[in-house]
Amino acid sequence: MSKKVTLEKLIQEFRLEVIYGWDQLDRAVTVADLYRPGLELAGFFTYHPVERLQLLGKTELSFIEGLTRQKREERLERLCHSEIPCFIVTRQLEVPVELIQASKKKKVPILRTSLATTKFASKLTNYLEKYLAPATTMHGVLVDVYGIGVLITGSSGIGKSETALELVKRGHRLVADDAVEITQSEEGTLVGHAPELIRYLLEIRGLGIINVMTLFGAGAVRDKKKISLAIHLEAWKEERQYDRLGLDEEKIRIIDTEIPKLTIPVRPGRNLAVIIEVAAMNYRLKQMGYHAAQQFVQQLGSAIDDSEEFD
């Protein structure tokens, strides 16, 4: 189901004045992009994105004022498409009578703000991008390890929460346990946070639910974090060949974004918290251009070449 924001919510958030359309305030805005219809006012309607909010600022209204009455009526009637969520006039400018008449005919609301067009467009775009961003919920734990958002996944009972507790004890910060709400705030960026009900809580089997912020302080938690790395915990399988060099880079797709994924086998004696710490540090090194496995393979190749020269 696609996300949406109603005009009523926008009016409350930005204190907009309703010029026309009190009975249409349940209309939904489904895209974050805004549109300033300059070409349309000049008579070019080949591409008119009617699904967007239409902003009319000083430039557009000055152009309308310069048209003859007949052209004003004709252009504004064509501009008022019934699928447009609404028109928003900025700078508290006077709304053309012809626009009100055309809006009444097509039942398109007209709102007004006192803010300048550019400033209002920036605020409105940020607001819509936040509320209309694609989102999903995943079963797992999100921890901030050395500034890297690490999403820990695995089957129930594998030890995700216990590993998170050990990481918190080692000075890292918990973001979410059990359910991680993930939003794709922009292309290629995933941000995770905990549902309101279970924020700062950690469930440890045999111990119960603990409040990490109460036990370890405000420095042990954070509200949200960009997810950079996924670590999947699974029970050790003797028959499976696990990557021993680190050359096989697996990816996981969440919404429309791919992030690196590591599979860590779990068995008694393995310190998962330390392994995840090292994985986070290694990820940072890779981001800085150093890849230990590739360096090793290059050195190995050079050593083999050198030995062949001496044979």
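Basis of the calculations
- Residue indices begin from 1 for each chain and proceed along its sequence in written order.
- Under the rules for a predicted model, residues below a pLDDT of 70 receive no local features and side-chain atom pairs below 80 are neither given nor counted, while totals for whole chains, interfaces and linings still include all residues.
- The side-chain values count all of the structure's non-hydrogen atoms but skip hydrogen atoms and water molecules.
- UniProt positions are given in the numbering used here, feature names are shortened, and annotations may be inferred rather than shown by experiment.
- Being paired, for any two strands, means DSSP has found at least two bridges between them.
- We count a stretch as a helix when DSSP gives it H or I for four or more residues in a row; a strand needs E for two or more, and each element gets its number in order from the N terminus.
- Residue count minus one, scaled by 1.5 Å, sets the expected span of a helix.
- Using a 1.4 Å probe on the protein chains alone, a residue whose accessible area is under 20% of its type maximum counts as buried, one over 50% counts as exposed, and one in between counts as partly exposed.
- Taken from the helix axis, the directions to the C-beta atoms give the arc we talk about.
- Residues are treated as being in contact if the distance between any of their heavy atoms lies within 4.5 Å.
- Nitrogen and oxygen atoms within 3.5 Å of one another constitute a polar contact, given that in protein one can donate a hydrogen and the other can accept it, and given that sequence-neighbouring residues count only through two side-chain atoms.
- Like-charged residues are merged into a patch within 9 Å and nonpolar side chains (Val, Leu, Ile, Met, Phe, Trp, Tyr) within 5 Å, provided each residue has over 30% relative accessible area and no salt bridge.
- In this description, accessible areas are obtained by the Shrake-Rupley approach with a 1.4 Å probe, and a residue is regarded as covered only by the protein chains that are shown.
- Salt bridges are identified by distance alone: a Lys or Arg side-chain nitrogen within 4 Å of an Asp or Glu carboxyl oxygen.

- As annotated in an unreviewed UniProt entry, the protein chain carries the name HPr kinase/phosphorylase and comes from Thermoactinomyces intermedius.
- Quoted verbatim from the Cofactor (unreviewed entry) heading of the UniProt record, the comment on the protein chain is "Mg(2+)".
- On record in UniProt, under Sequence similarities (unreviewed entry), the comment for the protein chain is "Belongs to the HPrK/P family."

### Topic: the sheet that holds strand 4 (residues 34–35)
Next, step 1: Taken together, five strands build an open sheet; the order of strands is 2-7-6-5-4 and the sheet is mixed. This sheet does not close on itself; its edge strands, each paired only once, are strand 2 (17–20) and strand 4.
Next, step 2: When strand 2 meets strand 7 (residues 110–112), the two strands line up antiparallel, connected through three bridges. Of the residues in strand 7, the one forming a bridge with Tyr20 is Ile110.

### What about helix 9 (residues 272–287)?
Next, step 1: With 16 residues, helix 9 ought to run about 22 Å at 1.5 Å a step, and its terminal C-alpha atoms sit 22 Å apart, in line with that.
Next, step 2: Buried residues of helix 9: Leu272, Ala273, Ile276, Glu277, Ala279, Ala280 and Tyr283, and no others. Projected down its long axis, helix 9 shows its buried positions confined to an angular sector of 160°, all on one face.
Next, step 3: Against the buried residues of helix 9 lie strand 9 (141–145), strand 10 (148–154), helix 7 (160–169), strand 16 (224–235) and strand 18 (257–266).
Next, step 4: Measuring from the side-chain oxygen of the N-cap residue of helix 9 to the backbone nitrogen of Ala273 gives 3.3 Å; that N-cap residue is Asn271.
Next, step 5: After helix 9 finishes, the residue Gly289 shows a positive phi value of roughly 105°.

### A word on the pairing of strand 14 (residues 201–204)
Next, step 1: Side chains of strand 14 alternate between two faces, with Leu202 and Ile204 buried and Leu201 and Glu203 left unburied.
Next, step 2: The pairing of strand 14 with strand 15 (residues 208–211) spans four bridges and is antiparallel. Residue pairing across strands places Leu201 opposite Asn211, the latter belonging to strand 15.

### A closer look at a nonpolar patch on the surface
Next, step 1: On the surface, Tyr146, Val278 and Met281 cluster together into a nonpolar patch covering about 260 Å² of accessible area.
Next, step 2: Within the secondary structure layout, Tyr146 lies in the loop between strand 9 and strand 10.

### Here's the deal with the UniProt feature "binding site: Mg(2+)" (unreviewed entry) in the protein chain
Next, step 1: According to UniProt, the feature "binding site: Mg(2+)" (unreviewed entry) maps to Ser161 and Glu203 in the numbering used here. The annotated residues occupy 43 residues of the chain but converge on a single region, no pair of C-alpha atoms lying more than 6.5 Å apart.
Next, step 2: Inspection of the secondary structure puts Ser161 in helix 7.
Next, step 3: Classification of Ser161 as buried rests on a relative accessible area of 12%.
Next, step 4: Ignoring anything within four residues of it in the chain, the contact list for Ser161 reads Val141, Asp177, Leu202, Glu203 and Ile204.

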